[in-house]
Each structure stands twice: as structure tokens, then as C-alpha cells.
Amino acid sequence: MSIPANLKYTKDHEWVSLEGDIATVGITHFAQKELGDIVYVEVETLDQTLEKDEVFGTVEAVKTVSDLFLPLSGEIIAFNDALESTPEVVNSDPYGAGWMIKIKVANMDEVDSLLSDESYKELIGA
């Protein structure tokens, strides 16, 4: 199972890539595999400022709907519009083209609460 070492992770199975104070967020390979075939990604929080752990959207698979939790406090500044027409890219490329949102991080100290790749591997038993 792919768990890139250059990313940070949450216990809710989101991944975070940081460039300065901009975080790109998606769901992990483990999460997309557990959900199954993803048919819809909804994010109605674009341009809103949310707190860490608040719901920023949902991902719908054939058999279930799951909330997406914000890994870091901040303003949601971008949504991956490609997911509107091709949500299945989250299954095929969760760490690349399947990214979901970008956040302007409000509190960089929260980054310390994210999991390393090794800690995430322990969490999922990989």
C-alpha cells in the first residue's frame, strides 16, 4: 500500500502536503480502498474559514457517504474542480490528481499534531 513519506496524515485518513502556509489535502490510499468506487465529491466550504476537525465536505462511494474533516484550521482557497466530472480519480490517483482542497493554514503549530508516514502506517497496520 502506498504511503508517501513526504506527506503528513490524520487519524481520519486524510493526507496533507505543505508548501509554506498552503496545504493540499486529499484522502489516503487506505481510505479510498475502504470506501470503494468513489462517485461524488462535494465541497461547499470554498472560501470559508474553518477550524481543525470541522467537516469541509463529503465523499460518496457506491455504498456509503463519508464526511471529510479539515486537518488544519484555515481558509479553503481551492477545490479540485476536476473531481466534479471525474471523482473516480480519487481511487486511481489519491495522492496526485485526486487531491481535494487547498487551505491557507491559519495556525502552523497544528502541523505538529499530524501523523508522520511511519505513525500512519502503525495506525492502519501496514
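Within each chain, residue numbers correspond to sequence positions counted from 1 in written order. It should be noted that, the model being predicted, local features are given only for residues of pLDDT at least 70 and side-chain atom pairs only at 80 or more, the latter also being counted only at that level, while totals for whole chains, interfaces and linings use all residues. The side-chain numbers reported here are obtained from all heavy atoms of the structure, hydrogens and water having been left aside.

Quick note on the threshold: UniProt positions are given in the numbering used here, feature names are shortened, and annotations may be inferred rather than shown by experiment.
As annotated in an unreviewed UniProt entry, the chain carries the name Glycine cleavage system H protein and is attributed to Flavobacterium xylosi. Listed under Subunit (unreviewed entry) in UniProt, the entry text for the chain is "The glycine cleavage system is composed of four proteins: P, T, L and H." Of the comments in the UniProt record for the chain, the one headed Function (unreviewed entry) reads "The glycine cleavage system catalyzes the degradation of glycine. The H protein shuttles the methylamine group of glycine from the P protein to the T protein."

A word on the pairing of strand β3 (residues 22-27)
How we decide: Here's how the labels work: a residue is buried when its accessible area is under 20% of the maximum for its type, exposed when over 50%, partly exposed in between, all with a 1.4 Å probe on protein chains only. A helix here means a DSSP run of H or I that spans at least four residues, while a strand means a run of E at least two residues long, and both kinds are numbered starting from the N terminus. Two strands are said to pair when DSSP picks up at least two bridges between them.
The element β3 is extensively covered by neighbouring structure, given that five of its six residues are classed as buried. As paired strands, strand β2 (residues 14-19) and β3 are joined by six bridges and run antiparallel to one another. Note that in β3 the partner of Val-16 across the bridge is Val-25. The loop that links β2 with its antiparallel partner β3 comprises two residues; one of these, Gly-20, has a positive phi angle of about 65°. The pairing of β3 with strand β9 (residues 101-105) spans four bridges and is antiparallel. Paired with Val-25 across the bridge in β9 is Ile-101.

Overview of the UniProt feature "modified residue: N6-lipoyllysine" (unreviewed entry) in the chain
Cross-referencing UniProt, the feature "modified residue: N6-lipoyllysine" (unreviewed entry) maps to Lys-63 in the present numbering. Tracing the chain through its elements places Lys-63 in the loop between β6 (55-61) and β7 (65-69).

Concerning the sheet that holds strand β5 (residues 49-50)
Reading across the sheet, the six strands line up as β1-β2-β3-β9-β8-β5 and stay open at both edges, with antiparallel pairing between neighbours. Taken across any chain shown, the strands that pair with only one partner, and hence form the sheet edges, are β1 (8-9) and β5.

Observations concerning the environment of His-13
Applied cut-off: Between two residues, a contact is recorded if the distance between any of their heavy atoms is within 4.5 Å.
Note on placement: His-13 falls in the loop between β1 and β2. Counting along the chain gives 110 residues from His-13 to Leu-123, while the straight-line C-alpha distance between them is 9.6 Å. Once residues within four sequence positions are removed from consideration, His-13 is found in contact with Gly-26, Ile-27, Thr-28, Phe-30, Ala-31, Tyr-120, Leu-123 and Ile-124.

Regarding the environment of Ile-27
With respect to the helices and strands, the residue Ile-27 is situated in strand β3. Distance from Ile-27 to Val-59, taken between C-alpha atoms, is 9.5 Å for residues 32 residues apart in sequence. Setting aside chain neighbours within four positions, we find Ile-27 in contact with His-13, Glu-14, Trp-15, Gln-32, Leu-35, Ile-38, Leu-68, Val-90, Pro-94 and Met-100.

Some thoughts on the UniProt feature "domain: Lipoyl-binding" (unreviewed entry) in the chain
Here the UniProt feature "domain: Lipoyl-binding" (unreviewed entry) sits at residues 22-104. Across residues 22-104, the secondary structure splits into 18% helix and 42% strand, with the terminal C-alpha atoms separated by 5 Å.

Structural notes on the layout of surface pockets
Let me state the cut-off plainly: A 1.4 Å probe that fits into a set of points on a 1 Å grid over the protein atoms alone but cannot get out defines a cavity; an open set with protein on both sides within 12 Å along at least five of seven lines defines a pocket, and lining residues are those with an atom within 4 Å of a point. Grid points are joined across faces, edges and corners, and a volume is the space filled by probe spheres set on the points. Residue type decides the class: Asp, Glu, Lys and Arg count as charged, Ala, Val, Leu, Ile, Met, Phe, Trp, Tyr, Cys and Pro as nonpolar, and the leftover types, Gly among them, as polar.
Volume-wise, the largest pocket comes out at about 160 Å³. Taken together, 13 residues make up the lining of the largest pocket; nearest its centre are Asp-12, His-13, Ala-31, Leu-35 and Ser-66. Classifying every residue of the lining of the largest pocket by side-chain character gives seven nonpolar, two polar and four charged.

Quick look at the pattern of salt bridges
Spelled out, the test is: When a carboxyl oxygen of Asp or Glu is within 4 Å of a side-chain nitrogen of Lys or Arg, the pair counts as a salt bridge.
Tallied over the full model, the rule gives three salt bridges. Here Asp-21 makes a salt bridge to Lys-104, at a shortest N to O gap of 2.5 Å. Placement of Asp-21 in the loop between β2 and β3 and of Lys-104 in strand β9 is noted, with a sequence separation of 83 residues between them. A relative accessible area of 29% means that Asp-21 is categorised as partly exposed. Between Glu-118 and Lys-121 there is a salt bridge whose closest N-O contact spans 3.6 Å. Taken together, the residues span about one helical turn, with Glu-118 and Lys-121 both in helix α4 (residues 117-124) at a distance of three residues.

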